[in-house]
Amino acid sequence: MIVKKLGMVAGGGFPGAGYNERKVAEGVARLMAMENVDAAMRHKVELLHEAGFDCAGEIEKYLKERSRTYGNTKTTRFQFHIAASVKGQMMSADELTDFARQLMAEAGYGRQPYFVYYHHDTDNNHVHILSTRIQPNGFPIPDHHDYARLNAAANRILSSDINRDIHRMFSYGYLTEGQFANIIRSHGYKFERVEDSYVLFRGGVKAATIPLSEIERHISQENDTRKERAKQLRAIIRKYKAEIADGKVQNVENVKGHKGQKKKYVRRKIHPDIRKIKGSNGKTLSQEEQRQLSDLFDILKTKFGIDIHLQKDRNGEIRGYGIVDHSRKMALDGSKVMKLSELIDFAQKQERKASPLNIYRELFSMEVRKSGMDGIMSIRLFDGSEHTRKMSPRQSAWYFNSPESEREDVEIRIAATMFSTEIFESVLQKYPVSDIGSRIASINRIKMRDGGRAIRVVSIDGFSATYPMTADELRCLARLQGEAANGYLRQLAILRITHEDASELTNRIKELTAKSAGSTTLPLRLSDYTPEQAKAFTSHQCTVLTRLIPRDTSSTHSINREWEVGKQSRYDHIDTQQSGTQLTM
């Protein structure tokens, strides 16, 4: 709940009456209550409203008559006009009206005549309250620090709701402190990090304090459910981006009005942060691009209950975004779903011709950003994993000096060469050549000579191999016991063996590349390959990948690719869930 003070006007007038009555005539507001108003006035307003007449003149005249100062004050600022707003449709018209009565009593206006109007011309339900500052004795009610006083009163009235909100926040899954911060924002609060706690504010007034230890205690672990949801969200976003770009999705509008009155279409305003986003050319987005992005955010919110929170750096530049998925009660890092550069790009892509490189487009997406004279390459594999490395001067020159029409193919060849082992590893995990688990006889954790820990894997034929464990793996294992711990060690062993297989494939392709290039030696680092060597490397790599990946169109991977490009998919049923409309946010 946020309370704002409006219309501080001099001259003894009440222009708020005209504003609210005009909204009633437009069908986006209605008069909910008339408190401390005599019966004759109440009857007149009800009669005129029923007949469809504007009562602005009558209400203003009535308030002026009830604002006699008897010479007790020199002020001419008689009007008291405030608005109380809740996020979304969290409170109904009747609940907001009851809140308005409590707020007026808390603020010292409980005995003043006042009118409560319910408005629904924005995304957030809200009420306007119109009254007079002049008391029956002719003195005005003090208005110093009204904003803070009113919001403090609102927080006192809704203290149980604040505790309920905090309880709901902790029911969401999140991996980092930053993701929890986005959950706070999605619940309509602002906050400050003060030492070891988060101080929450609502309406500019302190509402609650959450210890940092409590936030850390509720941090979740990455799991398959989160990864699967990230894939679903990527599919949803791509689908609606394509439809917005094709003009198949009409502008999202608020349709307001109530029975017997004409509906009004109110277009949502573009969020100021969207206007700050810069495209790949370093310039702010065009008005059309801003509108498209705003429509996408609105669809995600209203249809699926997904909030997008743009994130700024110290200079106020938009550098990323976070996602709060209310339907699944989880917060995600936006980059795990889709890079910001792809999210804001609504340009329709031309149909690509058949090319051996198309197999890579199904396996990963890429992004290159400049760092000094060279570039930094990041890829996201189809399994959700991300990898980033600095490009060599040779690769950077090849990429940045390529014609625009050839740049994407160059980018693919560089990524496929730099991340060859990671690509093969993800493919072998998805499409294993054999059942690695059946080859393992036993797995034990051992202590190494340097004091570190490792897992020793003994195969069914008696051979053994030792793999060092990372600090993160040791922490994960420490939280598990019994069969869960054994299962985790087995999973690690399979991943290590898969990595060895992927490295073996990369080494074999290096040998083929050396032969086809007519050279007995190649650069020690893949990033130092010449363009010709990189082309030869990817040519052989494509052949191997084609053999490893099933060509059966009914395979799981083929289905995944359909939803990633926005076609009919196993996730289309989500469209009908209307999860966003069921929220009580």
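What comes next is a walk through the structure. (Residues numbered from 1 in each chain as written. Predicted model: local features only at pLDDT ≥ 70, side-chain atom pairs only at ≥ 80, totals over all residues. Heavy atoms only, no water.)

## Quick look at the environment of Asp123
(1) Moving on: Looking at where Asp123 falls in the secondary structure, it is placed in the loop between strand S4 (114-119) and strand S5 (126-132).
(2) Moving on: Owing to a relative accessible area of 34%, Asp123 belongs among the partly exposed residues under this scheme. (Helix = DSSP H or I, 4+ residues; strand = E, 2+ residues; numbered from the N terminus. Buried < 20%, exposed > 50% of the residue type's maximum accessible area, 1.4 Å probe, protein only.)

## Overview of the packing of helix H17 (residues 471-478) against helix H18 (residues 482-516)
Any two packed helices are characterised by how steeply their axes cross, that is the angle between the axes, and by the distance between the axes.
(1) Moving on: One way to put it is that H17 packs onto H18 with a least axis distance of 9 Å and a crossing angle of 155°. In this view, H17 runs roughly antiparallel relative to H18, as classed from their interaxial angle. Two secondary-structure elements touch here, H17 through Glu473, Cys476 and Leu477 and H18 through Ala485, Tyr488, Leu489, Leu492 and Arg496.
(2) Moving on: Residues of the contact of H17 with H18, tallied by class, amount to six nonpolar, no polar and two charged. (Axes fitted to C-alpha atoms, helices over the stretch in contact; angles between N-to-C directions. Parallel < 35°, antiparallel > 145°, perpendicular 65-115°, else oblique. Contact = heavy atoms within 4.5 Å. Nonpolar A, V, L, I, M, F, W, Y, C, P; charged D, E, K, R; others polar.)

## What to know about the side chain of Gln541
(1) Moving on: Within the secondary structure, Gln541 sits in helix H19 (residues 531-548).
(2) Moving on: The class of Gln541 is buried, set by a relative accessible area of 0%.
(3) Moving on: If sequence neighbours within four positions are ignored, Gln541 has contacts with Tyr360, Ala416, Ser420, Phe424 and Ile509.

## Considerations on the nonpolar core
(1) Moving on: Of all hydrophobic cores here, the largest spans 37 residues; its most connected members are Tyr360, Leu363, Phe364, Met377, Ile414, Val427 and Leu545.
(2) Moving on: Among the secondary structure elements, those contributing two or more residues to this core are helix H13 (358-363), strand S14 (364-371), strand S15 (374-381), helix H14 (393-400), helix H15 (404-418), helix H16 (420-430), H18 and H19.
(3) Moving on: Among the elements that take part in this core, H15 stands out by supplying six residues, more than any other.
(4) Moving on: Setting aside its immediate chain neighbours within four residues, Met377 contacts Met366, Glu367, Val368, His387, Thr388, Arg389, Met391, Glu411, Ile414, Ala415, Met418 and Phe419.
(5) Moving on: In this structure, Ile270, Ile274, Tyr321 and Phe346 belong to the second largest nonpolar core, which totals 30 residues. (Core = buried A, V, L, I, M, F, W, Y, C linked by side-chain atoms within 4.5 Å.)

## What to know about the packing of aromatic side chains
(1) Moving on: Taken as a whole, this structure holds eight aromatic pairs when the rule is applied.
(2) Moving on: Where Phe80 meets Tyr109, the ring centres are 3.9 Å apart and the plane angle is 15°; that geometry is what we call stacked. With Phe80 in strand S3 (residues 79-85) and Tyr109 in the loop between helix H4 (93-106) and S4, this residue pair connects regions lying 29 residues apart in the sequence.
(3) Moving on: Residue classification places Tyr109 among the buried positions, given a relative accessible area of 0%.
(4) Moving on: Seen in terms of ring centroids, Tyr174 and Phe180 are 4.9 Å apart; in terms of plane orientation they differ by 50°. Their pairing is tilted. The pair Tyr174 / Phe180 is uniform in exposure class, with both members buried.
(5) Moving on: If you follow Lys241 out to its NZ or CZ, it ends over the ring of Phe346, 5.4 Å from the centre.
(6) Moving on: Stacked on the ring of Phe400, the Lys or Arg Lys370 has its end atom at 4.8 Å from the ring centre. (Phe/Tyr/Trp six-rings, centres within 6.5 Å; stacked < 30°, edge-to-face > 60°. Lys NZ or Arg CZ within 6 Å of the ring centre and 35° of its normal.)

## Points about the sheet that holds S5
(1) Moving on: What the five strands build is an open sheet, ordered S1-S3-S5-S4-S2; its pairing is antiparallel. Strands at the two margins of the open sheet, each flanked by one partner only, are strand S1 (2-6) and strand S2 (29-35). Direction aside, the axes of adjacent strands within the sheet are offset by 20° on average.
(2) Moving on: Judged from the six bridges that link them, S2 and S4 form a sheet pairing that is antiparallel. Bridge pairing links Ala29 to His119 in S4. (Pairing = 2+ DSSP bridges.)

## What about the sheet that holds strand S11 (residues 306-312)?
(1) Moving on: Spatial ordering of the open sheet is given by S11-S12-S13, a layout of three strands whose pairing is antiparallel. Lying at the two open borders of the sheet, with one neighbouring strand each, are S11 and strand S13 (330-333). Along the sheet, successive strands turn relative to each other by an average axial angle of 25°, direction set aside.
(2) Moving on: Note that strand S12 (residues 318-325) and S13 share four bridges and pair antiparallel. If you follow Ile323 over to S13, its bridge partner there is Leu332.
(3) Moving on: Where helix H9 (residues 224-245) meets the sheet, its contacts fall on S11, S12 and S13, and the angle it forms with S13 comes to roughly 70°.

## As for the packing of helix H2 (residues 39-50) against helix H3 (residues 56-65)
(1) Moving on: Two elements in contact, H2 and H3, have axes whose closest approach is 10 Å; the angle formed by their N-to-C orientations is 165°. In terms of orientation, H2 lies roughly antiparallel with respect to H3. Taken as a pair, H2 and H3 cross one another with a handedness that is left-handed. Residues Met41, Lys44, Val45 and Leu48 of H2 pack against Glu58, Ile59 and Tyr62 of H3.
(2) Moving on: Partitioned by chemical class, the residues of the contact of H2 with H3 number five nonpolar, no polar and two charged. (Left-handed = near helix turned anticlockwise from the far one by under 90°.)

## Let's talk about unusual backbone geometry
(1) Moving on: Positive phi outside glycine occurs at Tyr70, with the angle close to 55°.
(2) Moving on: Here Tyr70 shows up in the loop between H3 and S3.
(3) Moving on: Owing to a relative accessible area of 58%, Tyr70 belongs among the exposed residues under this scheme.

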